[in-house]
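# Commentary on secondary and tertiary structure
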Amino acid sequence: LSVGRAVLAALRGRLGALCWSLAPLPLPLPGWRDSAPRQQGEQEWDDTLPTPTSVNYHFTRQCNYKCGFCFHTAKTSFVLPLEEAKRGLAMLKEAGMEKINFSGGEPFIQDRGEFVGKLVQFCKQELELPSVSIVSNGSLIRKQWFEKYGEYLDILAISCDSFDEDVNVLIGRRQGKKNHVENLHKLRQWCREYAVAFKINSVINRFNVEEDMNEQIKALNPVRWKVFQCLLIEGENSGEDALREAEKFVISDEDFDRFLDRHKDISCLVPESNQKMRDSYLILDEYMRFLNCRNGRKEPSKSILDVGVEAAIKFSGFDEKMFLRRGGKYVWSKADMKLDW
């Protein structure tokens, strides 16, 4: 029965993707999608449709941390039903998706990691995507998750903004008495044991901009160290209707450049300024709507589940050329990395 259900679910996702690609028109479907707020007066940015080669799916906004600069905050508690999420992912695969990155919020908060685990397995096993990755704060990941789902995951990116626990507390990257840095090293070891490529994401802000992370990053030896400049998004971490006030975290371009210069000898360093970051990510929210950040806000398209990928991506604001210029497409399948686990 379990095998039969799995086959039926996969067929349903593929049939759904085919139907939507043939008729990308909004249908009056009942249920959860009716609750999703719609963006009025959407503007189509480009006649040339980008290919959703790499997609970041923020399937939940809920998080157990309170990072002060967070620009995807807990405005809703909504999460798609699993089979609907799979259907949308199948549609994206049909449209050309090669890499999916699951993020949040904190992706391991939903069903104690089972939800994201099932999506990871579906994308690698059923959709056969070259790359499946997760961005997490790492605090809720257990070794049992790697035992069950590690073989299907190409990259695990852990957010770590400082190797000084006092700074992590100031930022809000902490829950209870758990030491974020100690947990980072534990996760690094599990990635080695279960052949998952290990990546670190750091947001450079007013509290860590003077820190020297050379020694710690070299010791952890991630495949990539993605270094972001703290970014303001109105309605998320800036403005009257925001849940965060990130203005005190903001640094100048000069500050960011000085941090990069201090770490220029780290070969895995991948810097991303605000200019590179704002329009070069293809982001799906919890309703599977593309988020357009060109105006400094997150303006949603209609859901791909309602109108199809082609109709929705017109309003994504995605700069495919910038995506390629910043090195968005790289060796992202662990089978091709040939790492010494």
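Residues numbered from 1 in each chain as written. Predicted model: local features only at pLDDT ≥ 70, side-chain atom pairs only at ≥ 80, totals over all residues. Heavy atoms only, no water.

If you look the protein chain up in an unreviewed UniProt entry, it shows as S-adenosylmethionine-dependent nucleotide dehydratase RSAD2 from Rhadina sibilatrix. Per UniProt, the protein chain has the following entry under Subcellular location (unreviewed entry): "Endoplasmic reticulum membrane". Among the UniProt annotations of the protein chain, the heading Sequence similarities (unreviewed entry) holds the following wording: "Belongs to the radical SAM superfamily. RSAD2 family." (UniProt positions renumbered as here; feature names shortened; annotations may be inferred.)

Before going further, it helps to examine the overall build of the protein chain. Within the protein chain one finds 13 helices and 10 strands. Classification of the 341 residues of the protein chain by burial places 54% in the buried group. Across the protein chain, contacts joining residues at least 24 apart in sequence account for 77% of those joining residues at least 6 apart. Looking at the protein chain as shown, the accessible area adds up to about 15,600 Å², and 50% of this sits on carbon and sulfur atoms. (Helix = DSSP H or I, 4+ residues; strand = E, 2+ residues; numbered from the N terminus. Buried < 20%, exposed > 50% of the residue type's maximum accessible area, 1.4 Å probe, protein only. Contact = heavy atoms within 4.5 Å. Areas by Shrake-Rupley, 256 points an atom, 1.4 Å probe, with all protein chains shown as cover.)

Our next topic: the side chain of Glu211. Tracing the backbone through its elements, the reader meets Glu211 in the loop between strand S5 (197–204) and helix H7 (214–220). Among buried charged residues, Glu211 stands out as having no salt bridge; its nearest opposite-charge side chain is Arg262, 8.0 Å away. A distance of 2.7 Å separates a polar atom in the side chain of Glu211 from a polar atom in the side chain of Ser162. From its side chain, Glu211 meets the backbone nitrogen of Phe163 in a polar contact 2.9 Å long. With residues up to four places along the chain from it excluded, the contact list for Glu211 reads Asp161, Ser162, Phe163, Asp164, Phe259, Arg262 and His263. (Lys, Arg positive; Asp, Glu negative; His and termini not counted. Salt bridge = Lys/Arg side-chain N within 4 Å of Asp/Glu carboxyl O. Polar contact = N/O pair within 3.5 Å; in protein donor to acceptor, adjacent residues only side chain to side chain.)

With the rule as written, the count across this model stands at 19 salt bridges. Between Glu98 and Lys329 there is a salt bridge; the shortest N-O distance is 3.5 Å. Taken together, the residues span a long stretch of sequence, with Glu98 in the loop between helix H2 (82–94) and strand S2 (99–103) and Lys329 in the loop between helix H12 (320–325) and helix H13 (334–337) at a distance of 231 residues. Overall, Lys329 belongs to the partly exposed group, its relative accessible area being 45%. Across the pair Arg297 and Glu234 runs a salt bridge whose closest N-O atoms are separated by 3.3 Å. Linking Arg297 in the loop between strand S9 (289–292) and strand S10 (299–303) with Glu234 in the loop between strand S6 (224–229) and helix H8 (253–262), this pair joins segments that are 63 residues apart in sequence.

Below, the discussion takes up the nonpolar core. Formed by 70 residues in total, the largest nonpolar core has its most connected members in Tyr57, Leu89, Ile100, Phe102 and Trp225. By residue number, the principal contributor to this core is helix H3 (residues 114–126), which donates 6 residues. Setting aside chain neighbours within four positions, we find Trp225 in contact with Ile200, Ser202, Met213, Ile217, Phe259, His263, Ile266, Cys268, Leu269 and Val270. Counting 16 residues, the second-largest nonpolar core is a separate cluster that includes Tyr65, Val203, Leu231 and Leu291. (Core = buried A, V, L, I, M, F, W, Y, C linked by side-chain atoms within 4.5 Å.)

Here Gly104 and Gly105 are connected by a cis peptide whose omega angle stands at 10°. Unlike most non-glycine residues, Glu128 shows phi in positive territory, near 55°. Relative to the helices and strands, Glu128 resides in the loop between H3 and strand S3 (131–136). Accessibility expressed as a relative area gives 60% for Glu128, which makes it exposed. Its identity is not glycine, yet Asn221 carries a phi of approximately 50°, on the positive side.

Turning next to the packing of aromatic side chains. Under the definition given, this model contains 15 aromatic pairs. Look at Tyr330 and Trp332: their rings are 5.7 Å apart centre to centre, the planes differ by 70°, and that puts the pair in the edge-to-face class. Looking at Trp332, the relative accessible area reads 5%, which means it is buried. Feature note: the residues Phe108, Trp145, Phe146, Tyr149, Trp190 and Tyr194 constitute an aromatic cluster, connected by ring pairs. Lying across the ring of Tyr330, Arg224 places its NZ or CZ 3.6 Å from the centre. The ring of Tyr281 has Arg326 lying over it, and the distance from NZ or CZ to the ring centre is 3.9 Å. (Phe/Tyr/Trp six-rings, centres within 6.5 Å; stacked < 30°, edge-to-face > 60°. Lys NZ or Arg CZ within 6 Å of the ring centre and 35° of its normal.)

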